[in-house]
Amino acid sequence: MYVAFMTLNRKTKMKHEASKALPPPPVVPPGVVPVKVPGSRRTLMARRGFGTRGQRIPLLTNQFNVKLSSTTDHFYQYNVALFYEEGKPVEAKGVGRRVLEMLYKLYKSEMGGKEFAYDGEKTLYTVGPLPGTTLEFPVLLENLSSNRTVRGGSPSEGETKRSRRPPQSKSYTVKPNYATTIPIQAIFNALRGQDSEHFHEALRVLDVMLRQHAAKQGCLLVRQSFFHIDPRNSMSIGGGVVSLQGFYSGFRSTQAGLSLNMDVSTTLILKPGKVVDFLLENQNVKNIREIDWMKAKMMLKNLRVKTFPSNFTQKIIGLSEKSCGQQTFFINKKSADSPSDPVEITVSNYYAKYHNQEVFASQDYPCLDVGKPKRPIYIPIELCELISLQRYTKPLSALQRAKLAEQSALKPHDRMNCVVNELKRSNYAADPLINSTGITINTMCTQVEGRVLEPPKLTVGNGGVVLPRGGYWSFNNKTLVEPTQITRWAVVNFSARCDIDSLRRDLLRCGKAKGMHLEEPHSVIQEDLNSSRNPAPIRVELMFEAMKRKLPGRPRFLLCILPERKNHEIYGPWKRKCLVEDGIVTQCMAPMTINDLYLTHLLLKINAKMGGLNSVLSVEHLHSIPLVSRIPTIIFGMDVYHAPPGRSDIPSIAAVVSSRKWPLISRYRASVRAQSSRVEMIDALFKPVSPKKDEGMIRELLVDFYQSTHKLKPKHVIIFRDGVSESMFDQVLNIELEQIMQACKFLDDEWDPKFLVVVAQKRHHTRFFQPRSEANVPAGTIIDTKVCHPKNNDFYLCAHSGPIGTTRPTHYHVLLDQIGFSVDDLQELVHSLSYVYQKSTYAKAVVAPVCYAHQAAAQMSLFGTFDDMSDTTSSLSDGGDGSSSGGGGGSAQLPELHENVRSSMFFC
């Protein structure tokens, strides 16, 4: 079939290869795939027009118009070098802003009275130049609490005496060095649609000015968000974690001119206080004896604590190997006559003898290590407190996520009023530096016009048609468009409290009502009570052994009932065992209120995984989608799933899903690879391993399309890319798209499909409100005027209905359109693709291919064996012996899906 797909004749291929002859390339590191750079780089397409379909609706948005006076002034950028008095560079974070604030107070006249904006790291900006060419300023900061400690165990007696002194002063030297100039006029040029080299740098300066304004008010700064330190803005979400509400602010160029985008923002911080109290709450235990110290070690690493009685602030690097009463270190015992040999002493005895501090509560538990890897410093845990305003960046539990979502959800008008009030409170007009740029910020929300698109009609079973309302539809009294027959299946129960007889009976009844034929399950396998005490992987193996004893052969489908928690530890090992090792389609569920609605949604997932279809677009059913239904078209959804922050040892997972069985656009399959940690660009789209063999993801999906579509090659390729910022659009067009094109050419050199590339962004801060209603904007609301890019082709779409909080629109950017969609046809296609998500009865916030790609990557991330890091990754679909991933650390072996489930929608 692969040979059938390739239509090159040998002469053409030899000629083609000869024409590509190049000098010998440099040595390529192992696992890195060179990317061909095209002769002429692709650039983002310009907007071709505006949409006209839909009912027009007036809206407000949280973007505020900014007036900018025409000026010939320039921003001057200076690189800031900070040194200690002895000449050593300052590496500690946080001290720079205090030093620069003191510098301005001391040397305002020497700096010509010029205000400056400091980014908190190594750069400051002024409007106009600073006087002089060589600048160097000594700065003395007083009342700094010292962090000094004696290495090798715990503070010595001499250091203890010094710690009783008042907080020390510290001297610094600040050296601003001129770097470059940025014309403020660059903003004007960009807003007129002209290419402006310095536009983004100029906007960054304005953003830095807003951050500095917030810093002067004592706010906590997190990237482009600021948070007032006020107990009224914080709420506990459990586990010793607190959500803190603040505000995001950033300048954007729009069709209406320069805008300030301001929105409510949330960050997470640790609850300050005693470390022991934090661990008890974090692990949900009642006393110190129940603490899991391995979990505690991972949780506490890199956190900062204040230690007593020294009153120092230290960073935790780990825990002691032994308990406080057993952990020893050597101390030099000084005397007036002569020095003596070091004396070994336990941590608890040291504090009792030299600090008159008895250690009781943590005597039998590990100490905190606040030293360095080879020079530990041990502090009893009961003498340590977490300092305030430490950000929490570790993964949240399901309960914490639910609480955070509940607390962060603001009704539309509450959110709008909150933002407007904060903008007025910030009073940017009173900031002399912001005023010196000539900008004036309107405090009224910008008025825009939106359009509400008609929801697409859906075809269900027996030729029935459903018209969604408000983004929702129902399968009541309706059947599925392509129901499956489920034979040879069983139920497994991992010690969940569940009336399985009732569940089985109701599931068969609901399935019959939806047109599905479910046979009676062959067996119900209950987990043995003793097995439930084992680790999750062993429990799964024992369950499979019990299945083999009870079932006559391998089942086609398994319904798995998990214990109470939805995100149970069984989930990952169970999915891996079924999908990778045994090739069995499986659906997991957790006991809850089981009614017909719940069972209907369960059956939607089962039907999709087993190869059926629940509903399709009516235009899809009638083959009437412009430029899609009449011309072979494949749709890709692409996303990369990253490990939680701080886990650079875990690789990122890239997934690409593709439509199959054209002219359908509702059925998909996935290809997934692991790649270097935190890398967003997908590096395995095209992976030639020999002149005739490509192990890339795109080849695999193109071959599947060819096999499932009467041996037709797609003439149109539609790509939806998720998870990339605007700074990466160029890479999507010139690296990822180039790989996809090369994969096509590798299969057939004469094949030249047309491409459409669309980026979907969900992580942005633009929101829309109805001016005379407290409800969210209607499902299907689209905006492509006034607040969109002045030149590029983008639009906002609220395809879904937001039942909780304020609807977040998806921001779509059309980077390339070789196919030639009209503006309305493309917007209708994007809107319709939000309705083909097979596991739900509501429109999704983003197109279904992107949702599927995210879910495929997230699910496969549970299957990797990441304990032993490897430089290679294996194909998760057709590809045989695997393929390599570019980059160094952080990539690992991923298992290959069993051939029985490889082309299924296992990710539903």
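Relevant structure appears above.
The present account deals with the structure reproduced in this document. (Residues numbered from 1 in each chain as written. Predicted model: local features only at pLDDT ≥ 70, side-chain atom pairs only at ≥ 80, totals over all residues. Heavy atoms only, no water.)

Two quantities define a packed helix pair, namely the angle between the helix axes and the distance between the axes. Helix H15 (residues 571–582) packs onto helix H14 (residues 536–550) with a crossing angle of 50° between their chain directions and a minimal axis gap of 9 Å. One element, H14, and the other, H15, form an angle in the oblique class. In the packing of H14 onto H15, the handedness of the crossing is right-handed. On the side of H14, the interface is formed by Ala536, Pro537, Val540, Glu541, Met543, Phe544 and Met547, while H15 contributes Pro573, Trp574, Lys577, Cys578, Glu581 and Asp582. Grouping the amino acids of the contact of H14 with H15 by side-chain chemistry returns 9 nonpolar, no polar and 4 charged. (Axes fitted to C-alpha atoms, helices over the stretch in contact; angles between N-to-C directions. Helix = DSSP H or I, 4+ residues; strand = E, 2+ residues; numbered from the N terminus. Parallel < 35°, antiparallel > 145°, perpendicular 65-115°, else oblique. Left-handed = near helix turned anticlockwise from the far one by under 90°. Contact = heavy atoms within 4.5 Å. Nonpolar A, V, L, I, M, F, W, Y, C, P; charged D, E, K, R; others polar.)

Bringing the pattern of salt bridges into the picture now. Enumeration over the complete set of coordinates arrives at 34 salt bridges. A salt bridge links Asp730 to Arg41; the shortest N-O distance between them is 2.5 Å. Of this pair, Asp730 sits in helix H19 (residues 729–747) while Arg41 sits in the loop between helix H2 (10–19) and strand E1 (55–61), and the two are 689 residues apart along the sequence. A residue is classified by how much of its surface remains accessible, and Asp730, at 33% relative accessible area, is partly exposed. Taking relative accessible area as the criterion, Arg41 reaches 46% and is therefore assigned partly exposed. Of the charged contacts in the structure, one is a salt bridge between Glu828 and Arg53, with a shortest N-O distance of 3.9 Å. Of this pair, Glu828 sits in helix H20 (residues 823–833) while Arg53 is found in the loop between H2 and E1, placing the two residues 775 residues apart along the sequence. The class of Glu828 is partly exposed, set by a relative accessible area of 22%. Since its relative accessible area comes to 34%, Arg53 is described here as partly exposed. Each of Arg660, Arg669, Arg673, Glu700 and Asp704 takes part in salt bridges that share partners, so that together they form one network. (Salt bridge = Lys/Arg side-chain N within 4 Å of Asp/Glu carboxyl O. Buried < 20%, exposed > 50% of the residue type's maximum accessible area, 1.4 Å probe, protein only.)

What follows covers H20. An α-helix turns once every 3.6 residues. As a result, residues three or four positions apart point the same way. With 8 of 11 residues buried, H20 is to be regarded as a mostly interior element. Those residues of H20 that fall on the buried side of the exposure criterion are Asp824, Leu826, Gln827, Leu829, Val830, His831, Ser832 and Leu833.

Tallied over the entire structure, the rule returns 2 cavities of 30 Å³ or more. Volume-wise, the largest cavity comes out at about 80 Å³. The wall of the largest cavity is formed by Met45, Arg48, Asn793, Phe795, Val814, Asp817, Phe821, Ser822, Val823, Leu826 and Gln827. Mapped by element, the contributors of at least two residues to the lining of the largest cavity are strand E42 (793–798), strand E43 (810–817) and H20. Considering every element that reaches the lining of the largest cavity, the biggest residue donor is H20, with 3 residues. Here the residues of the lining of the largest cavity are counted per class, giving 6 nonpolar, 3 polar and 2 charged. (1 Å grid on protein atoms, 1.4 Å probe; cavity = no way out; pocket = protein on both sides within 12 Å on 5 of 7 lines; lining within 4 Å. Points joined across faces, edges and corners; volume = space filled by probe spheres on them.)

Below, the discussion takes up the sheet that holds strand E21 (residues 384–386). Sheets are built from strands paired through backbone hydrogen bonds, the pairs being either parallel or antiparallel. If you walk across this open sheet you meet the 4 strands as E13-E21-E14-E15, and the pairing is antiparallel. Of all strands in the sheet, those with a lone pairing partner are strand E13 (273–274) and strand E15 (312–315), marking the two edges. (Pairing = 2+ DSSP bridges.)

Moving on to the pairing of E15. When strand E14 (residues 304–307) meets E15, the two strands line up antiparallel, connected through 4 bridges. Paired with Arg304 across the strands is Lys315, a residue of E15.

What is shown is where atoms sit, not what they do.
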